[in-house]
Amino acid sequence: MMRAAPWLYLVAAFVFIYLPVGALVLFSFQGGSLPVPPFDGPSLQWYGDILSDDDLTDALRNSLIVAVGSAAVACALGFLAAYALARFVLPGAALMRGLLIAPLTVSYLIVGLGLLMVLQRLGLGLSLWTAGIGHVVINLPLCFAIIYASMGAQQQNAERAARDLGANEAQVILLITAPMLAPAILAAFFLSVTLSWDEFIIAFLLTRFDITLPVEIWSMLRSGLSPRLNAIGSLVFLVSVTAVLLLEILVFRKRA
Amino acid sequence: MTAPVRLDGINHWFGDFQALTDISLDIAAGEYITLLGPSGCGKTTLLSVLGGFVEPSQGTVHIAGQDVTRLSPAKRPTTTMFQDYALFPHMSLRDNVAFGLRMGGMGRAKRHARALDMLALVGLEKDAAKRPHALSGGQRQRVALARALAVEPDVLLLDEPLGALDLKLRRSMQDELKSIQRQVGTTFVHVTHDQEEAMAIADRIVVMNAGRIEDAGPPARVYRDPATLFAAAFMGEMNRIPGINENETTRTAFGKIHNPRMSEGKVTLCLRPEAIHIGKGGFSLGRATVQDAAFFGTHVRAHVTPVAAPDMRLVVHLPPGSIPEPDDVLDLCADHDGLTVFPAEEA
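Fair warning: this is a prediction, and the values are worked out from it, not measured in the lab.

Draft legend 1. The interface of chain B and chain A, seen in detail. If you look at the interface, chain B gives 21 residues, while chain A gives 16 residues. Interface area for chain B against chain A, summed over the two sides, is near 1500 Å², with a carbon-plus-sulfur share of 69%. Ranking the residues of chain B by area buried against chain A places B:F82, B:H90 and B:M103 at the top, with a combined share of 31%. Taken together, the links from chain B to chain A amount to zero salt bridges. A class-by-class count of the residues in the side of chain B that touches chain A yields twelve nonpolar, six polar and three charged.

What follows is the structure, encoded as C-alpha cells:
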C-alpha cells in the first residue's frame, strides 16, 4: 500500500497534465460532428477538411514564417548582445544586461498594446511583419539569457587563439564562437520557435489581414465546438512536439 | 622562420600595480629562452607583451628589427601556445592545425597537406580526422604545438605549456619540445615556474621576480653563480649562512673566507647541498650532528646541525653509498666554487 501511493500520485499527475491533450487528439479523429463522447471513429475527415481550407493553411504557413523568422532574428540579436557583454568591458554593462532581460517580466498584453500604439503613431500598417517584431521583442530576452549563460572562458581562450592565428573579428565569431555555442544557440532558437508558434495575444493585436494560426483558431472558436478545432489543435501540438524533439536530438544528444 | 627579439625599457601597470619594471632583454634568433619565476612575478604578462595581448605602458618590442609594440596579435610574426591549449573543439585536428593557414588565405588542398606535415612532426598524422576531445592531455599539447608552428612564426610563445601534464609525461615532452625547436629553428620563449623544466630545455634562463629580471644566463651559470639571492634560492635548494664582510673577508660561524667582491656589511653566504662533502679541504664546516637522512636514489639528503653553529640546520647531499644514522657526527667541508655571497636581505 505504501509503495502503491507514490505510483498512484505519479499516474494522477500525468493524467491531470495529459488528459486534455489526449482528449483533444482523440476527438480530432471523431466520425460525428461534435467532439464529445461517445467516440465513433477513427476518421480522418476533419483533417481532410482543414487541410483543404485555404484560410487555415494560409494561417498555418504564416505562423511558420513568423515563428522561424522571428526566432532567427531574436537569436542573432541575442547572440550579438551576449557576445558584446561577455567579451568587452562596457560602461553600464550591468544596466544593459538588466534592460535586455527585463521584458521577460512584462506581460505579453502590455508588450502588444505598447507596440500597437507605437506602430500606429508611426503610421505602419499591421501585418505579419509587425507580429514578427512583437515576437522578437518577447523572445530576445530569452535568447540573450540562454546564450549569455553559456559563454565561458573556454570559448574566450579559443577566440584568443584564433585572433593570434590571424582571424579577424568576423571570422572569430563565425568560425569559432558561434559553432562552439551551437547547442545554446539552437536551444534558444527552438524555444523561440515554439513560443512564437502558439503565441496569441501579440499576434492578435498586431496582425490584420494575414493572420497566424492561433488567431485563426480563436476566430473559429466563436462559431462553436467542432472536431475541426481538435484536428487543428493536434497539428499545432505536433509541430511543437517536433520542435522539442529536434532540440533534444540536435542539441542534447550531441553533448552526451 | 626565426628572428631576434629585443625588449627595451618595458614598464607595465595594471591600475596601481606595477606588473613589469624596466624589462630589457635581447633574444637571439633561434634561441630557446625560458622565463622562470613564481606565480605573480610578471612572466606571463611579459609573454603577453611579446604576443601582443597586452600593450605595455612604456617601452618597445622589436621582432626582426621591426617595432611591433602597437601591432595586434594577428599581425605579429608570433604565435602563442596557450596554457589550456585552446584547441577548437568543433574542428578536426587537421582543421585545427590548418586554421592559421586558412586565415592567411592558403588554398584548401595546400593547407591540408601542410597540416598533415605538421601533425606528422608531432607524431599525430594518423589522428588527423579526430576531434580534440578524443585525445589525451599530452596529445592535445602536441596539436597545440603543431597549430602554432604551422603558420611558420618567427617567435613561438609558450605559456606554461607542460603545466597540466603529469611529471613523467612532462619530462618526455620537454625533450620533444627541445628537439622540435632544433628542427624548426624558431625562437621559443617558454614560461614556467618549474626550475628543473627550465634547466632541461633552455639555452638561456631569465629568472623573474616581482616584475623584474633577477638574472639571465645559461642554466649552469644561473645555477652555479646566480646574480641575486632570489635567483639563487629559486634555482634550487640552498643553505643560507649569515656572515659579515670586513676588509675583503667574510666572517661566518665557520671561519673566514677571502672575498674581495663584496662591499662591507651583513651578507648571506649561499651553499648548495651538493657542494658539501664529508672530509677535509675547501671551506671547512667542522663537525656536524645528523638529524635525519633519507635515501633519494642518486643521493642521500640529510639535515645536519653544525657544532660551530647549533641553531643552524643545513641540508646536505651525501653519496648514496651509506646512509648516516641520526646523532652520527660527520666532518663536513664545502667546495669554494659552490659558494656564492650576497648582501643580506633586509628583514
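Draft legend 2. Geometry of the UniProt feature "transmembrane region" (unreviewed entry) in chain A. Cross-referencing UniProt, the feature "transmembrane region" (unreviewed entry) maps to residues 7-29, 64-86, 98-120, 126-151, 172-194 and 231-252 of chain A in the present numbering. The span residues 98-120 of chain A is 74% helical and 0% strand by assignment, and the distance between its end C-alpha atoms comes to 28 Å.

Draft legend 3. Examining the domain arrangement of chain B more closely. All names here are of chain B. Here chain B is described as being made up of domain 1 (5-231) and domain 2 (237-346). Between the C-alpha centres of domain 1 and domain 2 there is a distance of 38 Å. Tallying the contact residues gives seven residues for domain 1 and eleven residues for domain 2. Taken together, the links from domain 1 to domain 2 amount to zero salt bridges. Run the count over domain 1 and domain 2 and you get two residue pairs in polar contact (both at pLDDT 80 or more). Split by residue class, the side of domain 1 that touches domain 2 holds four nonpolar, one polar and two charged.

Draft legend 4. Seen up close, a nonpolar patch on the surface. Residue and element names in this part refer to chain A. The grouping of V106, Y108, L109, I110, L113, M117, L191, L195 and I201 at the surface amounts to a nonpolar patch, some 720 Å² of accessible area in total. Those elements that provide at least two residues to the nonpolar patch are α5 (108-122) and α9 (182-197). In terms of residue count, α5 provides more of the nonpolar patch than any other element does, five residues in total. Position of L195 among the secondary structure elements: in helix α9.

Draft legend 5. Structural context of the sheet that holds strand β13 (residues 255-258) of chain B. Residue and element names in this part refer to chain B. Here five strands make up an open sheet; going across it, the order is β13-β12-β11-β14-β20 and the pairing antiparallel. Each of the sheet's edge strands pairs with one partner strand only, and the pair in question is β13 and β20 (339-343). On average, adjacent strands in this sheet sit at an angle of 35° to one another, irrespective of strand direction. Where strand β14 (residues 265-271) and β20 come together, five bridges link them in antiparallel fashion. Considered in β20, the bridge of V267 is made with P343.

Draft legend 6. Representation of the nonpolar core. Formed by 32 residues in total, the largest nonpolar core has its most connected members in A:I147, A:M151, A:A162, A:I176, B:F88 and B:F99. Elements supplying a minimum of two residues to this core: α3 (54-87), α4 (93-101), α6 (128-149), α7 (153-164) and α8 (169-180) of chain A together with α2 (93-103) of chain B. Of the residues forming this core, the biggest block, seven residues, is contributed by α3(A). Leave out the neighbours within four places in its chain, and A:A162 touches A:A167, A:V172, A:I176, B:F88 and B:F99. Within the second largest apolar cluster, 31 residues are counted, among which are B:A98, B:L119, B:A144 and B:L149.

Draft legend 7. Here's a closer look at the side chain of B:S92. Residue and element names in this part refer to chain B. With respect to the element layout, S92 can be found in the loop between β6 (78-81) and α2. For S92, a relative accessible area of 12% puts it in the buried group. Not counting the four nearest positions on each side in its chain, S92 is found in contact with A128, A129, K130 and R131.

Draft legend 8. Structural context of the UniProt feature "domain: ABC transporter" (unreviewed entry) in chain B. Under the UniProt annotation, "domain: ABC transporter" (unreviewed entry) lies at residues 5-235 of chain B. Helix makes up 37% of residues 5-235 of chain B and strand 26%, whereas the separation of the span's terminal C-alpha atoms amounts to 25 Å.

Draft legend 9. Looking closely at the pattern of salt bridges. Enumeration according to the criterion identifies 18 salt bridges over all chains in this entry. For A:R87, the salt bridge identified is with A:E159, shortest N-O distance 2.5 Å. Within this pair, whereas A:R87 is found in helix α3, its partner A:E159 is found in helix α7, the two being separated by 72 residues in sequence. A salt bridge links B:R114 to B:E152; the shortest N-O distance between them is 3.6 Å. One end of the pair, B:R114, is in helix α3 (residues 108-121); the other, B:E152, is in the loop between α4 (137-150) and β7 (155-159), with 38 residues separating them in the sequence. A single network of salt bridges, built from pairs that share partners, joins B:R170, B:R171, B:D194 and B:E196.

Draft legend 10. Geometry of the packing of aromatic side chains. A full pass over the atoms with the stated rule returns twelve aromatic pairs over all chains. Between A:F200 and A:F204 the ring centres are 5.3 Å apart and the planes differ by 25°, which places this aromatic pair in the stacked class. Put simply, the rings of A:F79, A:Y83 and A:F88 pair up and form one aromatic cluster. Across the ring face of B:F53, the terminal group of A:R160 is positioned such that the distance to the ring centre comes to 5.5 Å. Of note, B:R272 hangs over the ring of B:Y223, and the distance from its end group to the ring centre comes to 4.1 Å.

How each quantity is defined
Residues numbered from 1 in each chain as written. Chains lettered and ligands numbered in written order. Predicted model: local features only at pLDDT ≥ 70, side-chain atom pairs only at ≥ 80, totals over all residues. Heavy atoms only, no water. Contact = heavy atoms within 4.5 Å. Buried area = accessible area lost by both parts, 1.4 Å probe. Salt bridge = Lys/Arg side-chain N within 4 Å of Asp/Glu carboxyl O. Nonpolar A, V, L, I, M, F, W, Y, C, P; charged D, E, K, R; others polar. UniProt positions renumbered as here; feature names shortened; annotations may be inferred. Helix = DSSP H or I, 4+ residues; strand = E, 2+ residues; numbered from the N terminus. Domains from an automatic or database assignment. Polar contact = N/O pair within 3.5 Å; in protein donor to acceptor, adjacent residues only side chain to side chain. Patch = residues over 30% accessible without salt bridge, like charges linked within 9 Å, V, L, I, M, F, W, Y side chains within 5 Å. Areas by Shrake-Rupley, 256 points an atom, 1.4 Å probe, with all protein chains shown as cover. Pairing = 2+ DSSP bridges. Axes fitted to C-alpha atoms, helices over the stretch in contact; angles between N-to-C directions. Core = buried A, V, L, I, M, F, W, Y, C linked by side-chain atoms within 4.5 Å. Buried < 20%, exposed > 50% of the residue type's maximum accessible area, 1.4 Å probe, protein only. Phe/Tyr/Trp six-rings, centres within 6.5 Å; stacked < 30°, edge-to-face > 60°. Lys NZ or Arg CZ within 6 Å of the ring centre and 35° of its normal.

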